[in-house]
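For reference, the chains in residue letters:
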Amino acid sequence: MTNVIEKDGKTFVEDKVDGLLEVKYGLPPEVHFCSKCVISNQRATPSEVTKDKKESRKNTVPFKDGVCEACRVVESKSKIDWEDREKQLLDLLDRYRSNDGSYDCLIPGSGGKDSAFQAHILKTKYGMNPLTVTWAPHLYTDIGWKNFTNWCHVGGFDNYLFTPDGQVHKKLTSLAYRNMLHPFQPFIYGQRHYAMHMAKRMGINLIFYGEHPSEYGANSGEDQQSLFDPKYYTGDPTGDIYVSGTHVDELKELGISREKLAPYLPLTMDEIKSQDIQVHFLGHFLKWVPQEMYYYAVEHTGFKPSPIRTEGTYSKYNSIDDKLDGFHYWTGFIKFGIGRCTHEAGQEIRHGHLTRDEGVNLVHQFDGEFPKRYFKEICEYMDMSEEEFHEIADSFRSPHLWKMAGNSWVLRHKVS
């Protein structure tokens, strides 16, 4: 057992060589890796809409007997009666299905493999009339734009593409990187909340997301229901709230008013209840295998993988529409010691597409690879120098995860 010490409101672990090492972000002091996949217990679970300036991540993937919750959830799929789950889906759809050709459900997405699958199967197999809604990437990649347009044109869907004020979005992204090393936070807020705004505006009461977050390590027991808990997407947009680690009053001083922030901010619980908006995970009802969603999207909506390998991992078809995607995963690697390859290899091990040994080898080869392809463009976008970019990142490394070896940072713990 690691000797854990609480001092001056901070948590430290005692290392025989380096002395006291601070543990940041409320992470577990001891690092353990799942015995079935490659994820560690430093993986954070989805957070609620927060008032916390630094968005401390105190909830991490539960481990039991050396196995992570994500592995347990995926393993439990073999015991699910999927015919019964489909009947439950049909019952749900029948309650909302329109008879006049109007929209009866809303699918948030980018036209990637998952949202392409959702929209197409709901339309063609289950007879629904979905409206697709897209919160635009920071900077579209060529393949991302191609897949988005194919989603609409080949798949055959109506779509609202919302692109937030570019100057506001740049400022929020830069602040999120500087304050939280989380440049994707404003995008995530917009992606999550704008779908609710559109459902309210269009009078649509049923929203579908794809795979259940429990497949990636949500809190134990959350996989037992299809409903997305409203605590994750409701709040008081007029209250005491932070965006990009900055209080809304401070943002006003930077020229970003609450009115400008409106698309990023949540609806209230009363607004959700008054219209009876329900948000469900389609992956609760249909067996969700990410690789199968990829094949389905290729066949039915013209989805195409990237022509080149994605930096930080071995794949070519996950999260490829935004030039900032790679930095979202890389900053998670800096803060939690978990990179893009760990996420993808863990997922494919759980679904039987990789052995654990293969996953470990891939993690050692690709995890934490710096996404240099768009680096200069992203620095320009966030209005910072390359030197400042790296200085900020290094300041967020948790000492219980990282140490210096010569002139390079190395992880203290690696999956084996």
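Preceding this section is the structure that the text describes.
Notes on the structure follow. (Residues numbered from 1 in each chain as written. Predicted model: local features only at pLDDT ≥ 70, side-chain atom pairs only at ≥ 80, totals over all residues. Heavy atoms only, no water.)

### Considering the pattern of salt bridges
Argument step 1. What the rule picks out here adds up to 14 salt bridges.
Argument step 2. With a closest N to O distance of 2.9 Å, Arg-97 and Asp-94 form a salt bridge.
Argument step 3. One salt bridge in this structure joins Glu-311 and Arg-373, with 4.0 Å as the shortest N-O distance. One end of the pair, Glu-311, is in the loop between helix 10 (290–301) and helix 11 (325–336); the other, Arg-373, is in the loop between helix 13 (356–366) and helix 14 (375–382), with 62 residues separating them in the sequence. (Salt bridge = Lys/Arg side-chain N within 4 Å of Asp/Glu carboxyl O. Helix = DSSP H or I, 4+ residues; strand = E, 2+ residues; numbered from the N terminus.)

### Quick word on the nonpolar core
In summary, soluble globular proteins display a tendency toward joint burial of nonpolar side chains.
Argument step 1. Counting residues in each nonpolar core, the largest one holds 61 residues, and the members touching the most others are Leu-106, Leu-172, Tyr-177, Ile-207, Tyr-209, Leu-261 and Phe-389.
Argument step 2. At 7 residues, helix 6 (residues 185–202) tops the list of elements feeding residues into this core.
Argument step 3. Non-local contacts of Leu-172, meaning those with residues more than four positions away in its chain, are made with Pro-186, Val-243, Ser-244, Leu-251, Ile-256, Leu-261 and Tyr-264.
Argument step 4. Judged by nonpolar contacts, the second largest core, of 31 residues, contains Leu-122, Phe-157, Tyr-294 and Tyr-296. (Core = buried A, V, L, I, M, F, W, Y, C linked by side-chain atoms within 4.5 Å. Buried < 20%, exposed > 50% of the residue type's maximum accessible area, 1.4 Å probe, protein only. Contact = heavy atoms within 4.5 Å.)

### Structural notes on the layout of surface pockets
Argument step 1. Each pocket or cavity is described by its volume, and for the largest pocket that value is around 540 Å³.
Argument step 2. Taken together, 32 residues make up the lining of the largest pocket; nearest its centre are Phe-333, Asp-367, Gly-368, Trp-402 and Leu-411.
Argument step 3. Residue assignment for the lining of the largest pocket shows that the elements contributing at least two residues are helix 11, helix 13, helix 15 (386–395) and strand 14 (408–411).
Argument step 4. When grouped by side-chain class, the residues that make up the lining of the largest pocket number 17 nonpolar, 10 polar and 5 charged.
Argument step 5. Taken as a whole, the second largest pocket holds about 310 Å³ of empty space.
Argument step 6. For the lining of the second largest pocket, the elements supplying multiple residues, two or more each, are helix 4 (142–153) and helix 11.
Argument step 7. With 3 residues, the single largest contributor to the lining of the second largest pocket is helix 11.
Argument step 8. Classifying every residue of the lining of the second largest pocket by side-chain character gives 7 nonpolar, 5 polar and 8 charged. (1 Å grid on protein atoms, 1.4 Å probe; cavity = no way out; pocket = protein on both sides within 12 Å on 5 of 7 lines; lining within 4 Å. Points joined across faces, edges and corners; volume = space filled by probe spheres on them. Nonpolar A, V, L, I, M, F, W, Y, C, P; charged D, E, K, R; others polar.)

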